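The primary structure of each chain is shown beneath.
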Amino acid sequence: QVRLVESGGDLVQAGESLRLSCAASSSIFSIDAMGWYRQAPGKQRELVATITSGGSTGYVDSVKGRFTISRDNAQNAVYLQMNSLKPGDTAVYYCNAYYRNPGIYYWGQGTQVTVSS
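Just so we're clear, the structure is a prediction, and the values are computed from it rather than from any experiment. As a convention, each chain's residues are numbered from 1 in the sequence order in which they are written. Given that this is a predicted model, residues contribute local features only at a pLDDT of at least 70 and side-chain atom pairs are listed and counted only at 80 or more, while totals for whole chains, interfaces and linings are drawn from all residues. Only hydrogens and water are set aside when side-chain values are computed; all heavy atoms of the structure are taken into account.

1. A closer look at the packing of aromatic side chains
Here is step 1 of the chain: Each Phe, Tyr or Trp ring (for Trp, its six-membered ring) is paired with any other whose centre lies within 6.5 Å, and the angle between the two planes then decides the class: stacked below 30 degrees, edge-to-face above 60, tilted in between. Tallied over the entire structure, the rule returns three aromatic pairs.
Here is step 2 of the chain: Look at Y37 and W107: their rings are 4.8 Å apart centre to centre, the planes differ by 70°, and that puts the pair in the edge-to-face class. Here W107 lies in strand 10 (residues 104–107) and Y37 lies in strand 4 (residues 33–39), a separation of 70 residues in the sequence.
Here is step 3 of the chain: Where Y99 meets Y106, the ring centres are 5.8 Å apart and the plane angle is 90°; that geometry is what we call edge-to-face. The burial state of Y99 is the same as that of Y106; both residues are buried.
Here is step 4 of the chain: Whether a charge sits over a ring depends on NZ of Lys or CZ of Arg being within 6 Å of the ring centre and within 35 degrees of the ring normal. Taking the ring centre of Y79 as reference, the NZ or CZ of R19 above it sits at 4.0 Å.
Here is step 5 of the chain: The positively charged end of R45 is found above the aromatic ring belonging to Y94, 3.7 Å away from the centroid. Under the scheme used here, helices are H or I runs from DSSP no shorter than 4 residues and strands are E runs no shorter than 2 residues, and both carry numbers assigned from the N terminus. Burial classification: accessible surface area is computed with a 1.4 Å probe over protein chains only, and a residue below 20% of its type maximum counts as buried, one above 50% as exposed, and the rest as partly exposed.

Right, dumping it as structure tokens:
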């Protein structure tokens, strides 16, 4: 079992940048994939970015070229660098950890990102 704690959310203006951090309570070396999801008011939670244990990354189309996910196994942390933020990026951002065996997801409590126009 792993506990995840997100931080770094803030109120920023459009065009600015933020870096979200996700600190894990134990080693992330064995976590098969980690990701960032977001949920805006009245909308379903959506996958934003993922990174595998091998370092492969994936992004939703709306953030490609603006967001970068990275992981630091030594620090037991995952990051989401968000540049050129838009009002449409406003949401609560959640960190996620996935263990393929036995197929379990863990979630953090979320951090609020608000982008004003």
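2. Considering the pattern of salt bridges
Here is step 1 of the chain: Whenever Lys or Arg places a side-chain nitrogen within 4 Å of a carboxyl oxygen from Asp or Glu, that contact is recorded as a salt bridge. Following the criterion strictly, the structure yields five salt bridges and no others.
Here is step 2 of the chain: For R66, the salt bridge goes to D89, with nearest N and O atoms at 2.8 Å. With R66 in the loop between strand 6 (57–59) and strand 7 (67–72) and D89 in the loop between strand 8 (77–82) and strand 9 (91–99), the pair connects residues that are 23 residues apart, well separated along the chain. Across this residue pair, the class does not change: R66 and D89 are buried.
Here is step 3 of the chain: Within this structure, R38, E46, R66 and D89 form a network of salt bridges that share partners.

3. Observations regarding the nonpolar core
Here is step 1 of the chain: The criterion is simple. A nonpolar core is a set of buried Ala, Val, Leu, Ile, Met, Phe, Trp, Tyr and Cys residues joined through side-chain atoms within 4.5 Å. Core analysis: the largest hydrophobic core is formed by 30 residues, its most contacted members being L4, M34, W36, L80, M82 and Y93.
Here is step 2 of the chain: Mapped by element, the contributors of at least two residues to this core are strand 3 (18–24), strand 4, strand 5 (46–52), strand 7, strand 8, strand 9 and strand 11 (111–116).

4. Comments concerning the side chain of R71
Here is step 1 of the chain: Relative to the helices and strands, R71 is located in strand 7.
Here is step 2 of the chain: Only four residue types enter the charge count: Lys and Arg as positive, Asp and Glu as negative, with His and the chain ends excluded. Buried and without a salt bridge, R71 has D32 as its closest oppositely charged side chain, separated by 8.1 Å.
Here is step 3 of the chain: The definition of a polar contact used here is a pair of N or O atoms within 3.5 Å, where within protein one atom must be able to donate a hydrogen and the other to accept one, and adjacent residues in sequence count solely through side-chain atom pairs. At 3.3 Å, the side chain of R71 and the backbone oxygen of I31 are in polar contact.
Here is step 4 of the chain: The contacts of R71, once residues within four sequence positions are left out, are I28, F29, I31, D32, A33, M34, I51, T52, S53, A77 and V78. Note on contacts: a residue pair is in contact if any heavy atoms of the two residues lie within 4.5 Å.

5. As for the state of the cysteines
Here is step 1 of the chain: Defined by distance alone, a disulfide is two cysteine sulfur atoms within 2.5 Å. Taken as a whole, this structure holds one disulfide when the rule is applied.
Here is step 2 of the chain: Put simply, C22 and C95 are joined by a disulfide, and their sulfur atoms are 2.1 Å apart. One quick way to see it: the torsion about the S-S bond of C22 and C95 is about -80°, and its sign makes the bridge left-handed. Note that C22 is positioned in strand 3 and C95 in strand 9, a separation of 73 residues in sequence. Both residues of the pair, C22 and C95, belong to the buried class.

In short, geometric facts, not functional conclusions.
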